[in-house]
Amino acid sequence: MSFRDDPLFRPSSPKMFCRKLWVGRFVDYSESDGSLNPSPGRRSLLKQFAFSRRRLKVESCRITESASLILLPWASLIQKLNRVPVIFLLDQRKRFSTMPEIETNHRDSELFSPPSEVRGMTELDRTAFKKTVTIPVLKVRKEVVNKLMRSLKRAALQRPGIKRVIEDPEDGEGRLIMLDPYKMFTVDSFEKEELSILKQLNVNPQISKYNLDLTYENFKSEEILRAVLPEGQDVTSGFSRVGHIAHLNLRDHQLPYKHLIGQVMIDKNPGITSAVNKINNIDNTYRNFEMEVLSGEENMMTKVRENNYTYEFDFSKVYWNPRLSTEHSRITELLKPGDVLFDVFAGVGPFAIPAAKKKCTVFANDLNPESHKWLLHNCKLNKVDQKVKVFNLDGRDFLQGPVREELMQQLGPLSKERKHSVHIVMNLPAKAIEFLSAFKALLEGQPCGSELLPIVHCYSFSKDANPAKDVQQRAATVLGISLEAYSSVHLVRNVAPNKEMLCITFRIPAAILYKNQTVNRDSNLNKLIKADLRFTLI
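Predicted model, so just to flag it, every value in this text is computed and none were measured.

Reading the values: rules and limits
- Residues numbered from 1 in each chain as written.
- Predicted model: local features only at pLDDT ≥ 70, side-chain atom pairs only at ≥ 80, totals over all residues.
- Heavy atoms only, no water.
- Pairing = 2+ DSSP bridges.
- Helix = DSSP H or I, 4+ residues; strand = E, 2+ residues; numbered from the N terminus.
- Axes fitted to C-alpha atoms, helices over the stretch in contact; angles between N-to-C directions.
- Contact = heavy atoms within 4.5 Å.
- UniProt positions renumbered as here; feature names shortened; annotations may be inferred.
- Buried < 20%, exposed > 50% of the residue type's maximum accessible area, 1.4 Å probe, protein only.
- Polar contact = N/O pair within 3.5 Å; in protein donor to acceptor, adjacent residues only side chain to side chain.

**Description of the sheet that holds strand E7 (residues 274–278)**
Consider a sheet: its strands pair through backbone hydrogen bonds, and that pairing is either parallel or antiparallel.
Step number 1: Ordered in space as E5-E6-E7-E8, the four strands form an open sheet in which the pairing is mixed. Of all strands in the sheet, those with a lone pairing partner are strand E5 (240–242) and strand E8 (291–296), marking the two edges. Going from strand to strand, the sheet's axes swing by 30° on average, the running direction of each strand aside.
Step number 2: Judged from the three bridges that link them, E5 and strand E6 (residues 245–248) form a sheet pairing that is antiparallel. Of the residues in E6, the one forming a bridge with Val 242 is Ile 245.
Step number 3: The strands touched by helix H8 (residues 258–268) are E6, E7 and E8; relative to E8, the strand with the most contacts, the crossing angle is about 60°.

**Comments concerning the UniProt feature "binding site: S-adenosyl-L-methionine" (unreviewed entry) in the protein chain**
Step number 1: On the UniProt side, "binding site: S-adenosyl-L-methionine" (unreviewed entry) is annotated at positions that read His 328, Asp 366, Leu 367, Asp 394, Gly 395 and Asn 427 here.
Step number 2: With respect to the helices and strands, the residue Asp 366 is situated in the loop between strand E12 (361–365) and helix H11 (369–381).
Step number 3: For Asp 366, a relative accessible area of 7% translates into the label buried.
Step number 4: A polar side-chain atom of Asp 366 sits 2.8 Å from the main-chain amide nitrogen of Gly 347.
Step number 5: Inspection of the secondary structure assignment puts Leu 367 in the loop between E12 and H11.

**Some remarks on the pairing of strand E11 (residues 340–343)**
Step number 1: Taking every second residue as pointing to the same face, both faces of E11 are buried, with Val 340 and Phe 342 on one and Leu 341 and Asp 343 on the other.
Step number 2: Here four bridges tie E11 to E12, and the two strands are oriented parallel to one another. When the sheet's bridge partners are listed, Asp 343 is paired in E12 with Ala 364.
Step number 3: Relative to strand E14 (residues 422–426), E11 runs parallel, the two sharing four bridges. Along E14, the bridge assignment pairs Phe 342 with Ile 424.

Here you go:
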């Protein structure tokens, strides 16, 4: 197989890479602030409308606070603008009515928002979230409920935690079907097919009103935090789940509310019993980070399942990132039974264990004594302890010791008969590129064929405008050669705005790997590299 036909090394097109990069950033931005980013024209229109809405509500004797406007299609916005005088009149009527008009609630975000009084709360008081809202309902006989609900999926209330059918308090034999307050206002809100079903079942299509009591249990975590945190601030509703632990990364403006946020995460996510916040970067020798327990139990001993494998460890003492599950699977899929894998920064085994299960020969290393301990434990737990050789060394010592010794055998005189590949995984994004220098003149003897040379998968972060090129250039600087023509760069994930995690994959050129190829290095290096490339690219 030629180099260009090998899917492992086929470079992604610049367009595809940029598209992946853009999508990743778009998703992260939308997750971070919980909103969409309208165009300048829409933003201007929304701003004008939001101002008008506030003015109208003030004129109606300040009965309600300003509502945050949900972004809607243009047609819907125009309809809203046309209804502004109506909203004013209805808001005036609200002063004298205990049952506000359903018609005013078209996409009104206040309807299912917690009470405004919870703003600024730092210690969670669940009783403060009680609220009564008016919901449109359809009165029906209980014997027709099941048949009717299949036909009213569009019109029925779709709100998690709230029953769509309840007993009619005025008629023990009757039932009330909760309707969507954003769609159902009058009889005319029903579609033709829905009205036909109602007629067949002898149900009066007249819409009634029902006062629904909401409590803390009825609100989503994002709704609770958006109501509590200062208005306009971004809300943390996502986290990394590690067994029973919710791992958050709070921003400075969220810290005064950290204990409340932690408790909400526990309350709203079944199985979560502890919430922690990272309070420093992963920059120490052992790749773990200092954390603070925000709420719940302080037990950091956890158990996780990833890609059908089980891992147990103390989360406070080792590195584990559930967002790398797809990457662990991607590398595993590249391996074939009989291949050799050297995992330089193995952690608790997410690369090593799946590879061993795939009948690969695995050498796994980690400098952190806790990671080493749990790596051994997880190998036994997944019944691959006889297939994985585990080391507790510095990454450079591992490469220049056990890896060198095994490569001398794998790439020796009998290597031509070898049909399996050798892979070296270096998942330490902050520093792994620096360790590439350990491959320089690592081996002695006659070089093997280029197709048998080890394949390196080296991870790195980049904040550059062209992250792929940046990683290639930094790796090339360490090795002293250009990698652009025969390396592949894979975008792993978007870590933060303008920060990507990438994996550069390449075969180590014999001119770098072997000592006897470094004679007259300056004059012959380009010639030797071209020879490697010529062989590989055919």
